[in-house]
Amino acid sequence: MPDDLPNYELYAIRYATREGRRADNFIGGDPHDGPMRMDYFMWVAIGPERSFIIDSGFTAEMAIKRKREYLRCPVDALSLLGLSAENAHDVVLTHLHYDHVGNFAKFPVAQFHLQEPEIHFATGRYMRHHCINHSFEVDDVVGIVRLNYGGRVTFYRGNEELAPGITLHLAGGHSGGLQFLRIHTQRGWVVLASDVLHFFENMDSDRPFTTVFNIGDAAEAFDLVRKQAPSRDHIIPGHDPLVMDMYPPPRPDLAGIIVRLDVPPIKRG
């Protein structure tokens, strides 16, 4: 029964950003091209008995390589929520692109949770094509393989319950084994869409993001997200700067750094 499920506090940590153009973010471009910033997030679900880190961001060195503006180390920022990587026991990886897995080595004891199709994709035949492999860093992928040899990766095949109040959902499209999460909070189920939709506008206009493995699966994934969400206000996109405007910080000194997603969005105007 839903009343028996734990309520998780849910946070987004903004750790990097980059300036871009609208045409960069929609397959087929955009007829009204103009500036469109992209933000980078790591998410945290804190439960009464168990907490989960969702993705691990990228490093300062990777920001230089990829020409991103690095605002802070997301792993260090865990301390602002009373957590530490040294004691984190569970890290969910929505997929293995560089901006979602880059700090994996900073979690010395954590178990990592990943869809099995993603590791096959990241180590399989398509990685010989630069148009596909450019979103991956080979050292990250090899690192996850090494963790698996050490018994520290749990793989899933499709939709599963990760823990009471958290479910995993295979979407694909953007990457071969992309997954999103549904998390039970005080305001009901919140869908952490990750890169199923980078921006709300990807879903609202039915135009997937330009980095895509299977366009059909990417378009269908919008419906998968909608099906799991009580309303649009319960969907959190993976890179949209609007998230920082829509939700409040957990305390005033964290404005612009962390927002709380388990409360309703701020109604403005």
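Residues numbered from 1 in each chain as written. Predicted model: local features only at pLDDT ≥ 70, side-chain atom pairs only at ≥ 80, totals over all residues. Heavy atoms only, no water.

Asker: Sorry if this is basic, but what is going on with the overall build of the protein here?
Answerer: Secondary structure summary: the protein contains eight helices and 13 strands in total. Relative to the compact-globule value of 18 Å for 269 residues, the protein shows a C-alpha radius of gyration of 17 Å, a close match. Along the first, second and third principal axes, the C-alpha atoms of the protein reach 50 × 45 × 35 Å. When contacts within the protein are restricted to residue pairs at least 6 apart in sequence, those whose partners lie at least 24 apart make up 66%. Looking at the protein as shown, the accessible area adds up to about 11900 Å², and 51% of this sits on carbon and sulfur atoms. The average position of the 27 basic charges and that of the 35 acidic charges among the side chains of the protein differ by 3 Å. (Helix = DSSP H or I, 4+ residues; strand = E, 2+ residues; numbered from the N terminus. Rg over C-alpha atoms; globule rule 2.2 N^0.38 Å. Contact = heavy atoms within 4.5 Å. Areas by Shrake-Rupley, 256 points an atom, 1.4 Å probe, with all protein chains shown as cover. Lys, Arg positive; Asp, Glu negative; His and termini not counted. Charge placed at Lys NZ, Arg CZ, Asp CG, Glu CD.)

Asker: Please explain unusual backbone geometry as it appears in this structure.
Answerer: Most peptide bonds adopt trans geometry, and most residues besides glycine take a negative phi value. Despite not being glycine, Lys67 has its phi angle at roughly 60°, a positive value. One non-glycine residue, Asp206, lies in the positive phi region at around 55°. Following the sequence through the fold, Asp206 ends up in the loop between helix H6 (200-204) and helix H7 (215-228).

Asker: Looking at this structure, I do not really get the UniProt feature "domain: Metallo-beta-lactamase" (unreviewed entry) in the protein. What am I missing?
Answerer: Per the UniProt record, "domain: Metallo-beta-lactamase" (unreviewed entry) is found at residues 39-239. Helix makes up 27% of residues 39-239 and strand 26%. Its end C-alpha atoms lie 5 Å apart. (UniProt positions renumbered as here; feature names shortened; annotations may be inferred.)

Asker: Please clarify how the side chain of His198 should be interpreted in this entry.
Answerer: Turning to its location among the elements, His198 is positioned in the loop between strand E11 (188-194) and H6. Here His198 falls in the buried class, since its relative accessible area comes to 3%. The contacts of His198, once residues within four sequence positions are left out, are Met38, His174, Phe209, Pro237, Gly238, His239 and Asp240. (Buried < 20%, exposed > 50% of the residue type's maximum accessible area, 1.4 Å probe, protein only.)

Asker: What is the right way to read the nonpolar core from this model?
Answerer: One broad trend across soluble globular proteins is that nonpolar side chains are buried collectively. By size, the foremost hydrophobic cluster in this structure holds 35 residues, and its most contacted members are Leu96, Phe107, Phe112 and Ile144. Of all the secondary structure elements, the ones that give two or more residues to this core are strand E1 (9-18), strand E2 (38-46), strand E6 (111-115), helix H3 (116-123) and helix H5 (138-149). Setting aside its immediate chain neighbours within four residues, Ile144 contacts Leu93, Leu96, Val101, Phe104, Leu114, Ile119 and Val153. Among the nonpolar cores identified, the runner-up in size contains 26 residues, and Tyr8, Val190, Phe200 and Leu261 belong to it. (Core = buried A, V, L, I, M, F, W, Y, C linked by side-chain atoms within 4.5 Å.)

Asker: Whenever I open this one, the environment of Leu261 confuses me. Can you help?
Answerer: Inspection of the secondary structure assignment puts Leu261 in the segment after strand E13 (258-260). The class of Leu261 is buried, set by a relative accessible area of 0%. Apart from residues lying up to four places away in sequence, Leu261 is in contact with Leu10, Tyr11, Ala12, Trp43, Arg187, Val190, Leu192, Ile236, Val243 and Tyr247.

Asker: Any chance you could explain the pattern of salt bridges here in plain terms?
Answerer: When the charged atoms of two side chains lie near each other, side chains of opposite charge can form a pair. On inspection of all chains with the given rule, the structure shows 16 salt bridges. Between Asp33 and Arg21 there is a salt bridge; the shortest N-O distance is 3.7 Å. Here the residue Asp33 occupies a position in the loop between E1 and E2, and Arg21 occupies one in the loop between E1 and E2, the gap between them amounting to 12 residues. Its relative accessible area of 39% is what places Asp33 among the partly exposed residues. Judged by relative accessible area, Arg21 falls into the partly exposed class, the value being 39%. A salt bridge links Arg226 to Asp223, with the shortest nitrogen-to-oxygen separation between them at 2.7 Å. (Salt bridge = Lys/Arg side-chain N within 4 Å of Asp/Glu carboxyl O.)

Asker: Would you take a moment to explain H3 for this structure?
Answerer: Three- or four-residue spacings in an α-helix give side chains the same orientation, since the helix completes a turn every 3.6 residues. Residues Glu116, Glu118, Ile119, Phe121 and Ala122 constitute the buried set of H3. Buried residues in H3 make contact with E6, helix H4 (130-133), H5 and strand E7 (153-156).

Asker: Is there a simple way to explain the sheet that holds strand E10 (residues 179-185) in this structure?
Answerer: Sheet strands line up and pair through hydrogen bonds in the backbone, either parallel or antiparallel. Reading across from one edge, E8-E9-E10-E11-E12 is the order of the five strands in this open sheet, with mixed pairing throughout. The sheet terminates laterally at strand E8 (160-163) and strand E12 (235-237), the two strands that pair on one side only. Recorded for the sheet is a direction-independent mean angle of 25° between the axes of neighbouring strands. Inspection of the sheet shows E8 paired to strand E9 (residues 166-170) by three bridges, in the antiparallel sense. Its bridge partner lying in E9, Glu161 is registered against Thr167. (Pairing = 2+ DSSP bridges. Axes fitted to C-alpha atoms, helices over the stretch in contact; angles between N-to-C directions.)

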